[in-house]
Amino acid sequence: MNKIFIGLFFVFIDVNITLGNSAISVIPDFIGYILIYFGLKQMQEESYWFGRTKSLVIVMFIYSTFGFFSDLTGLIPTVVSGKIAVVLIGYLSTIAGLYIAWSIIKGIQDMETEKEHNFFGRRSMASWKMIALFQLISPLFGIIGQVANAYFASVLNQWSMLLAIAGVIASIIFLMDFKYSRDAYIIYRREQEK
């Protein structure tokens, strides 16, 4: 469960350094996805949700590795023409990342039912809903802002920025709540080994 937690940290927290046309991700998503994959592999005996999610994690590992190196080299504008196309591809990757996190939480809730133990699945799911709301709505405002008139676009882009900031805060809250689930699972496993 620890690998999943660290992997989610890498996926949901973005820190980038921009140098001209290149961007360097200090906390790259592809490392997060590979950690999540190995964490899911360890946990797949606990719930079928963990094993079920591994193939999408591999797809996201490949996508995020390509994204990392294309951002690093500044190739993304030449690979995909049009700003809206880039935003839509990013939007689909956001949906995939949210689905992976949702599946992990469903696995935690499944373990709660099977083991009759509280792993704080409800708490993690509540914060996941908050992060999903902000991460799904914010890009939509940006996409609509791309095709709207100048004034309306300005307003939508400002709202998009505010929602993005709220999304960062929601990501931090989600990770803190998921940490409760991880810690509860670790304590449970130690108690079972005694």
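By convention here, each chain's residues receive numbers from 1 onward along its written sequence. Local features in this predicted model are restricted to residues of pLDDT 70 or higher, and side-chain atom pairs are both shown and tallied only at a pLDDT of 80 or more, whereas totals for entire chains, interfaces and linings draw on every residue. Side-chain calculation: all heavy atoms of the structure are included, whereas hydrogens and water are not.

## Focus on the overall build of the protein chain
Worth spelling out the cut-off: Helix numbering and strand numbering both begin at the N terminus, where a helix is a DSSP run of H or I of at least 4 residues and a strand a DSSP run of E of at least 2. Radius of gyration means the value over C-alpha atoms here, while the globule rule gives 2.2 Å times the residue count to the 0.38 power.
Scanning the protein chain from N- to C-terminus turns up seven helices and two strands. In the protein chain, the order of α-helices and β-strands from amino to carboxyl end is α-β-β-α-α-α-α-α-α. Since a compact globule built from 194 residues should have a radius of gyration of about 16 Å, the 18 Å found for the protein chain is in line with a globular shape. Judged by the C-alpha coordinates and their principal axes, the protein chain covers about 65 × 30 × 25 Å.

## Some points on the nonpolar core
Short version of the rule: To form a nonpolar core, buried Ala, Val, Leu, Ile, Met, Phe, Trp, Tyr and Cys residues must be joined to one another through side-chain atoms within 4.5 Å. Using a 1.4 Å probe on the protein chains alone, a residue whose accessible area is under 20% of its type maximum counts as buried, one over 50% counts as exposed, and one in between counts as partly exposed. Whether two residues touch is decided by their heavy atoms; if any such pair falls within 4.5 Å, the residues are in contact.
By size, the foremost hydrophobic cluster in this structure holds 40 residues, and its most contacted members are Leu8, Ile36, Ile104, Trp128 and Phe174. Among the elements of the structure, helix H1 (2–12), helix H2 (29–43), helix H3 (48–73), helix H5 (83–115), helix H6 (121–147) and helix H7 (150–193) are those that each provide at least two residues to this core. With nine residues, the single largest contributor to this core is H7. The residues contacting Ile104, other than those within four sequence positions of it, are Ile4, Leu8, Ile36, Leu40, Phe50 and Phe178.

## Overview of the packing of aromatic side chains
Each pair of aromatic rings is reported with the distance of its centres and the angle of its planes. Under the convention used in this document: To pair, rings of Phe, Tyr and Trp, with the six-membered ring standing in for Trp, must have centres within 6.5 Å; the planes then decide the type, stacked if under 30 degrees apart, edge-to-face if over 60, and tilted in the middle. Our definition puts a charge over a ring when NZ of Lys or CZ of Arg is within 6 Å of the ring centre and also within 35 degrees of the ring normal.
Applying the stated criterion to the full structure yields 15 aromatic pairs. Judged by centre distance (5.3 Å) and plane angle (85°), the ring pair of Trp49 and Trp102 falls under edge-to-face. One end of the pair, Trp49, is in helix H3; the other, Trp102, is in helix H5, and 53 residues separate them in sequence. An aromatic cluster of three or more residues is present, and its members are Phe5, Phe12, Phe174 and Phe178. If you follow Arg182 out to its NZ or CZ, it ends over the ring of Phe5, 4.7 Å from the centre.

## A look at the environment of Ala184
Relative to the assigned elements, Ala184 resides in helix H7. For Ala184, a relative accessible area of 9% translates into the label buried. Separated by 140 residues in sequence, Ala184 and Gln44 place their C-alpha atoms 18 Å apart. Discounting residues that sit within four places of it in the chain, Ala184 has contacts with His117, Asn118, Phe119 and Phe120.

## Quick look at unusual backbone geometry
Despite not being glycine, Glu116 has its phi angle at roughly 50°, a positive value. With respect to the element layout, Glu116 can be found in the loop between H5 and H6.

## Considerations on H2
Put simply, the rule reads: Helices are assigned an expected span. That span is 1.5 Å times one less than the residue count.
Between its first and last C-alpha, H2 extends 21 Å over 15 residues, near the 21 Å set by a 1.5 Å rise per residue. Listed as buried for H2 are Phe30, Gly32, Tyr33, Ile36, Tyr37, Gly39, Leu40 and Met43.

## As for a nonpolar patch on the surface
The line we're drawing: Patch membership requires more than 30% relative accessible area and the absence of a salt bridge. Residues of like charge join within 9 Å; the nonpolar side chains Val, Leu, Ile, Met, Phe, Trp and Tyr join within 5 Å. Computed by Shrake-Rupley with a 1.4 Å probe, the accessible areas treat only the displayed protein chains as cover when residues are assessed. A carboxyl oxygen of Asp or Glu within 4 Å of a side-chain nitrogen of Lys or Arg is what we treat as a salt bridge.
The grouping of Met130, Trp159, Met161, Leu162, Ile165, Ile169 and Ile173 at the surface amounts to a nonpolar patch, some 670 Å² of accessible area in total. Top contributing element to the nonpolar patch by residue count: H7, with six residues. Checked against the element boundaries, Leu162 lands in helix H7.

## Some words on the packing of H1 against H2
Let me state the cut-off plainly: The convention used is that axes are lines fitted to C-alpha atoms, helices contributing only their stretch in contact, and that angles between N-to-C directions extend from 0 to 180 degrees. Should an angle fall under 35 degrees it is taken as roughly parallel, and over 145 as roughly antiparallel, whereas 65 to 115 is taken as roughly perpendicular and any remaining angle as oblique. Left-handed describes a crossing whose near helix is turned anticlockwise from the far helix through less than a right angle; right-handed describes the clockwise counterpart.
Following both chains from N to C, one finds H1 and H2 inclined at 155°, their axes separated by 7 Å at the closest point. Taken together, H1 and H2 sit at an angle that is classed as roughly antiparallel. Crossing geometry of H1 relative to H2 is assigned as left-handed. Where H1 abuts H2, its residues Lys3, Ile4, Ile6, Gly7, Leu8, Phe10 and Val11 lie against Asp29, Ile31, Gly32, Tyr33, Leu35, Ile36, Phe38, Gly39, Leu40, Gln42 and Met43.

## Focus: the environment of Ser103
For Ser103, the location among the structural elements is in helix H5. Residue classification places Ser103 among the buried residues on the basis of a relative accessible area of 1%. With sequence-adjacent residues up to four places away left out, Ser103 is seen in contact with Trp49 and Thr53.

## Let's talk about the side chain of Ser47
To keep things clear, this is the line we draw: Counting of polar contacts relies on pairs of N or O atoms within 3.5 Å, with two restrictions inside protein: one atom must be capable of donating a hydrogen and the other of accepting it, and residues adjacent in sequence are counted only when both atoms are side-chain atoms.
Tracing the backbone through its elements, the reader meets Ser47 in the loop between H2 and H3. A distance of 2.8 Å separates polar atoms of two side chains, one belonging to Ser47 and the other to Asp110. Once residues lying within four places of it in the same chain are set aside, the contact partners of Ser47 are Gly107, Asp110 and Met111.

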